[in-house]
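Topology and contacts: notes
Letter by letter, the chains look like this.
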Amino acid sequence: GVADTAILLPMVTPEVVTGISLLLFFALLFNANGSILQIAIAHIAFSISYVAIIVRARAVSLDPRMEEAARDLGASPREAFFHVTLPLLAPAVAAGALIAFALSFDDLIITSFNAGVGSSTLPLYIYSRIRFGVTPEINAISTIVVVGTGLVILVVMRYSNHRARRRSIEA
């Protein structure tokens, strides 16, 4: 009910409204005027919903008997969480982190509202430079981003294929 609505609200709120709300929140309560920390907190505020949904979907599918078995074998609640539950949630946490990073990297509106004079992110820099035309510098940055993304995807695919082969050999 209420918790679901609170989790889904940042996903359905327009980014302009979120950006202005966060700007007013930081200005009125903290007298902040646009630091990198303010940008980071703003990005966390709008992307945490996606992470929560992904992790919650994985947590619902967990078998509670796994943690109970760890507790029966002498693990404390903290040990059971860190040695049983968290490793089972790790793929969902990693997926949520990647989604949050992609959303934050792509976001321009919320960042532009919360960035101050001395703080800038790569998307803001690219946007401010591209207004004057596409330069070789913008092309180089874009190439680095595309190649970096491709490398990350390649590493993740190799790692998951390696794990799948190892599991099939063990089975």
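Residues numbered from 1 in each chain as written. Predicted model: local features only at pLDDT ≥ 70, side-chain atom pairs only at ≥ 80, totals over all residues. Heavy atoms only, no water.

What follows deals with the overall build of the protein chain. Helix and strand counts for the protein chain stand at 8 helices and 0 strands. Helices (α) and strands (β) of the protein chain occur, in sequence order from the N terminus, as α-α-α-α-α-α-α-α. Taking 16 Å as the expected radius of gyration for a compact globule of 171 residues, we find that the protein chain reaches 21 Å, considerably beyond that expectation. Viewed in the frame of its principal axes, the protein chain has a C-alpha envelope of about 60 × 40 × 25 Å. As displayed, the protein chain has an accessible area near 11900 Å², and 70% of this comes from carbon and sulfur atoms. (Helix = DSSP H or I, 4+ residues; strand = E, 2+ residues; numbered from the N terminus. Rg over C-alpha atoms; globule rule 2.2 N^0.38 Å. Areas by Shrake-Rupley, 256 points an atom, 1.4 Å probe, with all protein chains shown as cover.)

Before going further, it helps to examine the packing of helix H2 (residues 15-30) against helix H3 (residues 36-60). Following both chains from N to C, one finds H2 and H3 inclined at 130°, their axes separated by 11 Å at the closest point. Of the possible angle classes, the one that applies to H2 and H3 is oblique. Helix-helix and strand crossings are classified by hand; for H2 and H3 the assignment is right-handed. Along the contact surface, H2 presents Thr 18, Leu 22, Leu 23 and Phe 26, while H3 presents Gln 38, Ile 41, Ala 42, Ala 45 and Phe 46. (Axes fitted to C-alpha atoms, helices over the stretch in contact; angles between N-to-C directions. Parallel < 35°, antiparallel > 145°, perpendicular 65-115°, else oblique. Left-handed = near helix turned anticlockwise from the far one by under 90°. Contact = heavy atoms within 4.5 Å.)

Among the secondary structure elements, Thr 85 is positioned in helix H5 (residues 77-106). Only 2.8 Å separates the side chain of Thr 85 from the side chain of Glu 67, close enough to count as a polar contact. The contacts of Thr 85, once residues within four sequence positions are left out, are Leu 62, Glu 67 and Ala 80. (Polar contact = N/O pair within 3.5 Å; in protein donor to acceptor, adjacent residues only side chain to side chain.)

In this structure, Glu 68 sits in helix H4 (residues 64-72). Judged by relative accessible area, Glu 68 falls into the partly exposed class, the value being 48%. Along the primary structure Glu 68 and Ile 53 are separated by 15 residues, whereas in three dimensions their C-alpha atoms are 24 Å apart. (Buried < 20%, exposed > 50% of the residue type's maximum accessible area, 1.4 Å probe, protein only.)

Attention shifts here to the packing of helix H1 (residues 2-12) against H3. Two elements in contact, H1 and H3, have axes whose closest approach is 7 Å; the angle formed by their N-to-C orientations is 125°. Taken together, the axes of H1 and H3 are oblique relative to one another. In the crossing of H1 with H3, the sense of the turn from one axis to the other is left-handed. Seen from H1, the contacting residues are Asp 4, Ile 7, Leu 8, Pro 10 and Met 11; seen from H3, they are Ala 45, Phe 46, Ser 49, Tyr 50, Ala 52, Ile 53 and Arg 56.

Overall, the coordinates contain 5 aromatic pairs when judged by the stated rule. Summarising the aromatic geometry, the rings of Phe 25 and Phe 26 are spaced 5.4 Å apart at their centres and angled 65° between planes, so their arrangement reads as edge-to-face. Owing to a relative accessible area of 38%, Phe 25 belongs among the partly exposed residues under this scheme. Phe 26 gets classed as buried once you look at its relative accessible area, which sits at 4%. A ring pair is formed by Phe 81 and Phe 82, whose centres lie 5.3 Å apart and whose planes are at 80°; its orientation type is edge-to-face. Relative accessible area serves as the criterion here: at 33%, Phe 81 is assigned to the partly exposed category. Linked through ring pairs, Phe 25, Phe 26 and Phe 30 together constitute an aromatic cluster. (Phe/Tyr/Trp six-rings, centres within 6.5 Å; stacked < 30°, edge-to-face > 60°.)

Don't take any of this as a statement about function, it's just geometry.
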